[in-house]
Amino acid sequence: MPFFRRKKTFLSEKRNITTKLKTMSGGVGPTYNDITLPKEEEHHSTAARFFSFQQLNILAVILVFSASGLVTVEDFLFTLLTLIYFFFLSKLIFPPHKNPNRDGPLTSPTNKIFRLYVASAGIVGLLIPICYIVEGFLEDDRRGVSAAAPHVFLLASQVFMEGIAATCGFSAPARILVPVVYNARRIQTLVEWIMNEFSGETSEYGRGTVSVRRMYVGKVLAAVNLGIWSFNLFGVLIPVYLPRAFKRYYGSSKEVLFRFRSILAFIAFSYLV
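A.B. asks: Help me understand the packing of aromatic side chains in this model?
C.D. replies: To describe a pair of aromatic rings, you give the distance between the ring centres and the angle between the ring planes. According to the stated counting rule, one finds nine aromatic pairs in the structure shown. Measuring from ring centre to ring centre gives 6.4 Å for Phe-114 and Tyr-117, while their planes differ by 40°; the resulting arrangement is tilted. Of the two residues, Phe-114 and Tyr-117 are both situated in helix H5 (residues 112-139); the distance of three residues between them amounts to about one turn of the helix. Owing to a relative accessible area of 25%, Phe-114 belongs among the partly exposed residues under this scheme. Among the aromatic residues, those joined into a cluster by ring pairs are Phe-114, Tyr-117, Phe-231 and Tyr-241. Residue placement shows Arg-185 over the ring face of Phe-78; its charged tip is 5.4 Å from the ring centre. Positioned above the aromatic ring of Trp-229 is the side chain of Arg-186, whose terminal nitrogen or guanidinium carbon lies 4.3 Å from the ring centre.

A.B. asks: For this particular structure, what's the right way to read helix H4 (residues 73-93)?
C.D. replies: Note that an α-helix has 3.6 residues per turn; residues three or four places apart therefore point the same way. Counted at 1.5 Å a residue, the expected span for H4 with its 21 residues is 30 Å, and the 28 Å between its end C-alpha atoms agrees. Those residues of H4 lying buried are Asp-75, Phe-78, Thr-79, Thr-82, Phe-86, Leu-89 and Ser-90. What you see down the axis of H4 is that its buried residues fit within an arc of 95°, all on one side. Exposed side of H4, more than 90 degrees from the buried face: Val-73, Leu-81, Ile-84, Lys-91 and Leu-92 are the residues found there. Buried residues along H4 sit in contact with helix H6 (142-167) and helix H7 (172-199).

A.B. asks: Is there a simple way to explain the packing of H5 against helix H8 (residues 212-250) in this structure?
C.D. replies: Between two packed helices, the angle of one axis relative to the other and the distance separating the axes together describe the packing. Two numbers describe how H5 lies on H8: the axes approach to 11 Å, and their chain directions differ by 150°. As summarised for this structure, H5 and H8 are arranged roughly antiparallel, according to the angle between their axes. Here H5 runs over H8; the crossing is left-handed. The residue inventory of the contact of H5 with H8, partitioned by class, reads 15 nonpolar, five polar and four charged.

A.B. asks: So what exactly am I meant to see when it comes to a nonpolar patch on the surface here?
C.D. replies: Judged by side-chain polarity, Val-73, Phe-76, Leu-77, Leu-80, Leu-81 and Ile-84 come together as a nonpolar surface patch covering roughly 590 Å² of accessible area. Topologically, Ile-84 is positioned in helix H4.

A.B. asks: How should I be thinking about the side chain of Ser-171 in this particular structure?
C.D. replies: Secondary-structure assignment places Ser-171 in the loop between H6 and H7. For Ser-171, a relative accessible area of 0% corresponds to the buried category. From its side chain, Ser-171 meets the backbone oxygen of Phe-94 in a polar contact 2.7 Å long.

A.B. asks: When you look at the nonpolar core in this model, what are you seeing that I'm missing?
C.D. replies: The tendency in soluble globular proteins is for nonpolar side chains to be buried as a group. Ranked by internal contacts, the top residues of the largest apolar core, which has 52 residues, are Phe-65, Phe-86, Phe-94 and Trp-193. Of all elements in the fold, only helix H3 (53-67), H4, H5, H6, H7 and H8 reach the threshold of two or more residues within this core. Setting aside anything within four residues of it in sequence, one finds Phe-94 in contact with Leu-89, Ser-171, Pro-173, Ala-174, Leu-177, Phe-246, Tyr-249 and Tyr-250.

A.B. asks: Looking at this structure, I do not really get the pattern of salt bridges. What am I missing?
C.D. replies: Two side chains carrying opposite charge are able to pair once their charged atoms lie near each other. Tallied over the entire structure, the rule returns six salt bridges. A salt bridge links Glu-135 to Arg-213, with the shortest nitrogen-to-oxygen separation between them at 2.5 Å. Here Glu-135, found in helix H5, pairs with Arg-213, found in helix H8; they are 78 residues apart in sequence, far enough to count as distant. A salt bridge links Arg-213 to Glu-139, with the shortest nitrogen-to-oxygen separation between them at 3.6 Å. Of this pair, Arg-213 sits in helix H8 while Glu-139 sits in helix H5, and the two are 74 residues apart along the sequence. In this structure Arg-213 comes out as partly exposed when scored by relative accessible area, which is 47%. What emerges from the salt-bridge pattern is a single network uniting Glu-135, Glu-139, Asp-141, Arg-213 and Arg-214.

Reading guide: rules and limits
Residues numbered from 1 in each chain as written. Predicted model: local features only at pLDDT ≥ 70, side-chain atom pairs only at ≥ 80, totals over all residues. Heavy atoms only, no water. Phe/Tyr/Trp six-rings, centres within 6.5 Å; stacked < 30°, edge-to-face > 60°. Helix = DSSP H or I, 4+ residues; strand = E, 2+ residues; numbered from the N terminus. Buried < 20%, exposed > 50% of the residue type's maximum accessible area, 1.4 Å probe, protein only. Lys NZ or Arg CZ within 6 Å of the ring centre and 35° of its normal. Expected span 1.5 Å × (residues − 1). Arc of directions from axis to C-beta. Contact = heavy atoms within 4.5 Å. Axes fitted to C-alpha atoms, helices over the stretch in contact; angles between N-to-C directions. Parallel < 35°, antiparallel > 145°, perpendicular 65-115°, else oblique. Left-handed = near helix turned anticlockwise from the far one by under 90°. Nonpolar A, V, L, I, M, F, W, Y, C, P; charged D, E, K, R; others polar. Patch = residues over 30% accessible without salt bridge, like charges linked within 9 Å, V, L, I, M, F, W, Y side chains within 5 Å. Areas by Shrake-Rupley, 256 points an atom, 1.4 Å probe, with all protein chains shown as cover. Salt bridge = Lys/Arg side-chain N within 4 Å of Asp/Glu carboxyl O. Polar contact = N/O pair within 3.5 Å; in protein donor to acceptor, adjacent residues only side chain to side chain. Core = buried A, V, L, I, M, F, W, Y, C linked by side-chain atoms within 4.5 Å.

Have a look at this one:
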């Protein structure tokens, strides 16, 4: 009997050593149910993931645009108020579900088509417009820079807010409402951008430092972004992922239908106003 006790103690010490090694290595490999982090270690792990490299880059873009005076007071207040509003939704209206599976990702991480779609939208919607704005500073195209800046600022704020929602453990409905609300707001800025590009006088281009090539690039970029993000809102988010999030969260089809209609009415009212 003492032999089996010593053997059991040895196996327990071996398991503890293995757990510490996995924790030090960043948790590479499978995670078992009997291996859990203390609350203090879990808190530090969450804090370390809060500001990832991508989040810091996005935050830098937001701060640069805010400090440069390219952001209007309305867009800045919109970003600030939506931050407070989404936390209100996640705590009181759509708190995290008791079943963690109900708040899981709405898309599979192995879906290559969706990942390609997100990457392409990020390049066309964020990276290329940033390059367009930087070139505008070099060519002294203030009108083009002022027209493109609101869209870039709001998209960067959306990406940053989505990272906060994922890190803070928002429920599925609260997470999906972030891109829906921001996308609806950005369509308005894209309409203003494309109207500015097509209604501007062509005599302003081709003279001085602003080239004719930039005129066509601005028109194409504004039109492509309006098409992409309109399809993203009315063809992907609202008809596909918004009802999927509510169906997973509530489970009952009748309650999902009622909640979904209420959300659509709220979005339509806020968009028209």
